[in-house]
Every structure is written in structure tokens, then in C-alpha cells.
Amino acid sequence: MTELLETVVCSAKPGTEARLERILSSRVEFRIRQDDCVHSWYAKSSDDEFLFIFQTIFKDRNAMKSISEMSLEILDPKDGGIQSCLIGPPLVGIFDVGKELVDKF
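Residues numbered from 1 in each chain as written. Predicted model: local features only at pLDDT ≥ 70, side-chain atom pairs only at ≥ 80, totals over all residues. Heavy atoms only, no water.

(A) Quick look at the pattern of salt bridges. Under the definition given, this model contains four salt bridges. Between arginine 27 and aspartate 79 there is a salt bridge, with its nearest N and O atoms 2.6 Å apart. Here aspartate 79 lies in helix H3 (residues 76-79) and arginine 27 lies in helix H1 (residues 17-32), a separation of 52 residues in the sequence. One salt bridge connects lysine 65 with glutamate 69, and the closest N-O pair in it is separated by 3.7 Å. Taken together, the residues lysine 65 and glutamate 69, both in helix H2 (residues 61-74) and four residues apart, mark about one turn of the helix. Taken together, the shared-partner salt bridges in this structure form one network comprising Arg27, Asp76 and Asp79. (Salt bridge = Lys/Arg side-chain N within 4 Å of Asp/Glu carboxyl O. Helix = DSSP H or I, 4+ residues; strand = E, 2+ residues; numbered from the N terminus.)

(B) How the structure looks around the nonpolar core. Val8, Cys10, Ala12, Leu20, Ile23, Leu24, Val28, Phe52, Phe54, Ile82, Cys85 and Leu86 form the largest nonpolar core, which has 12 residues in total. Listing elements by their share of this core, those giving two or more residues are strand S1 (2-11), H1 and strand S3 (51-58). If you tally residues by element for this core, the top one is H1, at four residues. The contact partners of cysteine 10, leaving out residues within four places of it in the chain, are Leu20, Phe50, Leu51, Phe52, Leu86 and Pro90. Membership of the second largest hydrophobic core comes to six residues, among which are Leu4, Cys37, Met64 and Ile67. (Core = buried A, V, L, I, M, F, W, Y, C linked by side-chain atoms within 4.5 Å. Buried < 20%, exposed > 50% of the residue type's maximum accessible area, 1.4 Å probe, protein only. Contact = heavy atoms within 4.5 Å.)

(C) Region of the structure containing the packing of H1 against H2. Put simply, H1 and H2 touch, their axes get as near as 11 Å, and they point 130° apart. Here H1 lies oblique to H2, going by the angle between them. Note on packing geometry: the crossing formed by H1 with H2 is right-handed. Note on element contacts: H2 touches H1 through Ile67, Ser68, Met70, Ser71 and Ile74, opposite Arg27, Phe30 and Arg31. The class makeup of the residues in the contact of H1 with H2 is four nonpolar, two polar and two charged. (Axes fitted to C-alpha atoms, helices over the stretch in contact; angles between N-to-C directions. Parallel < 35°, antiparallel > 145°, perpendicular 65-115°, else oblique. Left-handed = near helix turned anticlockwise from the far one by under 90°. Nonpolar A, V, L, I, M, F, W, Y, C, P; charged D, E, K, R; others polar.)

Note that every value here comes from positions in space, so none of it alone points to a role or purpose.
Structural data, given as C-alpha cells:
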């Protein structure tokens, strides 16, 4: 079985990096609580204070769609959403991940 890895690379507007980090942290916690989320995390670049990566492994495409929609509906109205902190559009990629890699989590 192949899971999906969603990768989002984004840059914060100057002055919003702490807010973006809190928003990403809340998204990670929300996603981890969902049954069809294998794992989720974010990290801040070690050499660029504005650059972040946010990744989630989902059981399948339907899980990714469902969890992402729930996040938008539930969290965005409360905190304004990730887009409000970004300097431009994020780079988003969806990748097939084999079970052998996922089992390491």
C-alpha cells in the first residue's frame, strides 16, 4: 500500500514568522489527531528565519482531501490561515511514499 506525503515549503512575511510557526504547529496537532494521518511535522530552516517546511503523511488521497478540508473549515476561521502569513504562494508537492518508509515512523 502506498501512502501520500504532502510537502509544503513556504516563506513568512517579515514580522509574521512566530505567528506562522504557531499556525503550523496547530495544523500538525490537528492532523495528528485524525485517524487517517500517519504523521505530520514542520520545521524552520536552519539558515533562513522566514523559510518553513510542513509535511504530512496520509493513508490515501481521500484522507488528504478530507483532513485538509476539515483543517480549512475548523482552524482557518480561528487563526486566519497559513496564507495570511505568507510572502507568496507556497510550493506544494504530493508524493507517493512506500510502506517501508512509513513504517519507520
